[in-house]
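Descriptive structure summary
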Amino acid sequence: MRILVAEDERFLADLVAEGLRKRAMAVDVAYDGAGALERLAVNEYDVLVLDRDLPHVHGDEICRELAQRGENVRILMLTASGAVHDRVSGLNLGADDYLAKPFAFDELVARIGALARRNVPPLPPVLEHGGITLDTARRQARRDGHDLRLSRKEYAVLEVLMQARGTVVSTETLLERAWDEHTDPFTTVVKVTMSKLRSKLGEPAVIVTVPGHGYRL
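In this report, we go over the structure that sits alongside the text. Everything numeric here is computed off the predicted structure, so don't read it as measured data.

The rules behind these values
Residues numbered from 1 in each chain as written. Predicted model: local features only at pLDDT ≥ 70, side-chain atom pairs only at ≥ 80, totals over all residues. Heavy atoms only, no water. Core = buried A, V, L, I, M, F, W, Y, C linked by side-chain atoms within 4.5 Å. Buried < 20%, exposed > 50% of the residue type's maximum accessible area, 1.4 Å probe, protein only. Helix = DSSP H or I, 4+ residues; strand = E, 2+ residues; numbered from the N terminus. Contact = heavy atoms within 4.5 Å. Phe/Tyr/Trp six-rings, centres within 6.5 Å; stacked < 30°, edge-to-face > 60°. Lys NZ or Arg CZ within 6 Å of the ring centre and 35° of its normal. Axes fitted to C-alpha atoms, helices over the stretch in contact; angles between N-to-C directions. Parallel < 35°, antiparallel > 145°, perpendicular 65-115°, else oblique. Nonpolar A, V, L, I, M, F, W, Y, C, P; charged D, E, K, R; others polar. Salt bridge = Lys/Arg side-chain N within 4 Å of Asp/Glu carboxyl O.

**Looking at the nonpolar core**
- Counting residues in hydrophobic clusters, the biggest one holds 27 residues, and the most contacted among them are V157, L158, L161, L174, L201 and I207.
- Those elements that place two or more of their residues in this core are β7 (132-135), α6 (152-163), α7 (171-178) and α8 (189-201).
- In terms of residue count, α6 provides more of this core than any other element does, seven residues in total.

Below is the structure:
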């Protein structure tokens, strides 16, 4: 899952981003509306966490532009006002959900997850393949009944592979879904993470390398 957090309160933006990364999400941050639009133009996001009162380009204008462009990103609008008319106007602009500040972080995570699920075919809460069980709600991984102690990135990569249901996942897709915009596209981080993940999954091997194309289970 890839998220863009557009929030001008830098401390809050960074705190939210770090919390989401701990949930194995790939997160980019924009501190103003112009920066948010730049990132939306070049990256594909599942969810945009959008502060309504952004400088340079207002959150309302971002909603309008995304609606006009027919973008598939889901929008969770944040605002300091929880009044009914504010929520209604935000939803009418094209936001998919609305959350007033201050908010509980667990609620934010739950709403992001609910929005992201609208963009993909429904998947069971527990994914299974080759003796591997992935509980996406609890973010727990097991193989043949034994707990797997995976890093956040290892878990994220495994989740992408299991969601693909045996189809090939390219290195570019893994970078897009499990990392963020600061990752060098020529880095070997996917290979390194894949090697560590394979080691932790043990034998028999379940991750297959498809030369020139990527990886699959």
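**With respect to the side chain of D51**
- Within the fold, D51 resides in strand β3 (residues 47-51).
- Discounting residues that sit within four places of it in the chain, D51 has contacts with A6, E7, D8, G59, L78 and K101.

**A few points about the environment of I132**
- Along the chain, the position of I132 falls in strand β7.
- Looking at I132, the relative accessible area reads 1%, which means it is buried.
- In sequence terms I132 and H146 are 14 residues apart; their C-alpha atoms lie 9.3 Å from each other.
- With residues up to four places along the chain from it excluded, the contact list for I132 reads L127, R142, R143, L158, M162, L201 and V206.

**Notes on the packing of aromatic side chains**
- Following the criterion strictly, the structure yields zero aromatic pairs and no others.
- One residue, R10, lies across the ring of Y31, its end atom 3.9 Å from the ring centre.

**A short note on the packing of α7 against α8**
- Across the interface, α7 lies against α8 with an axial gap of 10 Å and an inter-helix angle of 85°. Classified by the angle between their axes, α7 and α8 sit roughly perpendicular to one another. Counted together, T171, L174 and L175 of α7 and V189, V190 and M194 of α8 form the full contact between these two elements.
- When its residues are assigned to classes, the contact of α7 with α8 shows five nonpolar, one polar and no charged.

**Some remarks on the pattern of salt bridges**
- Going through the model one piece at a time under the given rule, you end up with 15 salt bridges.
- The salt bridge involving K101 is made with D51; its shortest N-O contact spans 3.2 Å. Here the residue K101 occupies a position in the loop between β5 (97-100) and α5 (105-117), and D51 occupies one in strand β3, the gap between them amounting to 50 residues. In terms of burial, K101 and D51 fall into one category: buried.
- Linked through salt bridges whose partners overlap, the residues forming this network are E7, E9, D51 and K101.

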